[in-house]
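# Structural overview for review
So you can see what is in the structure, the chains are spelled out below.
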Amino acid sequence: MYVAQDGQRRVRVPRIPAPLIDGKIDMTEWKQASSLIGFLGLGVATFSGRQPRAWIAHDKKTLFVAAHLPGKSIRVRKAEHDKVDWSDDLFELYLDADPSPTFHCIVANAEGAVSDFIINPAMARGQRLNLRWNSQAVVKTIRDDSGWSLELSVPLGTFSREP
């Protein structure tokens, strides 16, 4: 991670061979990915007590993300696409790759259910979310005694098509 001239934090996303998306984070597959740490708690400007670790990379056609989210008790319900329960333990990915005011969001729970949408903060309240966007994300998760892990892949072409 680095701070750009405009003061925004940015992450370099390296190119790697496509990892197997199975929920098991194999570091031989992710070793060249950018590692992300230092996540803030929800709604506060302090570091989370349960510090996740994430990795991000691409292979020119697909964006790959892996994350380990620690925790003893994981709150999750099965859900359908675009119907994730916001009280679940969630992984949220917000991507802003261009100068437009919009950004893309992919949310997944520990069962691998996904909600994906575009947020446009310039729009009037109630019109900011575009739920028609489908990221075509493939998400696989695994739970164990230390928490849960997630691996996801998203075709990069889905980010240029706003419905």
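See the structure printed just above.
What comes next is a walk through the structure. It should be emphasised that the depicted structure is a prediction, and the values quoted were computed from it without experimental measurement.

## Details of the sheet that holds strand β8 (residues 114-119)
Ordered in space as β6-β7-β8-β9, the four strands form an open sheet in which the pairing is antiparallel. Bordering the open sheet on either side are β6 (90-95) and β9 (129-130), each of which pairs with just one other strand. Note: β8 against β9, two bridges, orientation antiparallel. By the bridge assignment, Ile118 is partnered in β9 with Asn130.

## Considering unusual backbone geometry
Even without being a glycine, Lys60 presents a positive backbone phi close to 85 degrees. Secondary-structure assignment places Lys60 in the loop between β4 (53-58) and β5 (62-70). Given a relative accessible area of 57%, Lys60 falls into the exposed group. Backbone geometry places Gln136, a non-glycine residue, at a positive phi of 60 degrees. Tracing the chain through its elements places Gln136 in the loop between β9 and β10 (138-144). You can call Gln136 partly exposed: its relative accessible area is 43%.

## Section: the packing of aromatic side chains
In total, this model carries three aromatic pairs according to the counting rule given. Measuring from ring centre to ring centre gives 5.7 Å for Trp133 and Phe159, while their planes differ by 40 degrees; the resulting arrangement is tilted. Placement of the pair is Trp133 in the loop between β9 and β10 and Phe159 in the segment after β11 (147-155), with a sequence separation of 26 residues. Taking the relative accessible area as the measure of exposure, Trp133 reaches 2% and is therefore buried.

## Comments concerning the nonpolar core
Residues Val65, Phe91, Leu150 and Leu152 are the most contacted members of the largest nonpolar core, which totals 23 residues. Elements with a minimum of two residues in this core: β4, β5, β6, β7 (103-109), β8 and β11. Residues Ile21, Ala33, Phe64 and Ala66 belong to the second largest nonpolar core, which totals eight residues.

Conventions we followed
Position numbers for residues start from 1 in each chain and track the written sequence from start to end. Predicted model: local features are reported for residues with pLDDT of at least 70 only, side-chain atom pairs are reported and counted for 80 or more only, and whole-chain, interface and lining totals are derived from all residues. To obtain the side-chain values, all non-hydrogen atoms of the structure were included, while hydrogens and water were left out. A strand pair is defined by DSSP finding two or more bridges across the two strands. What counts as a helix is a DSSP run of H or I of at least four residues, what counts as a strand is a run of E of at least two, and both are numbered from the N terminus. Relative accessibility under 20% of the residue-type maximum defines a buried residue, over 50% an exposed one, and the middle range a partly exposed one, all with a 1.4 Å probe and only protein chains included. Aromatic rings from Phe, Tyr and Trp, with only the six-membered ring used for Trp, were paired whenever their centres fell within 6.5 Å, and each pair was classed as stacked if the ring planes differed by under 30 degrees, edge-to-face if by over 60, and tilted otherwise. To form a nonpolar core, buried Ala, Val, Leu, Ile, Met, Phe, Trp, Tyr and Cys residues must be joined to one another through side-chain atoms within 4.5 Å.

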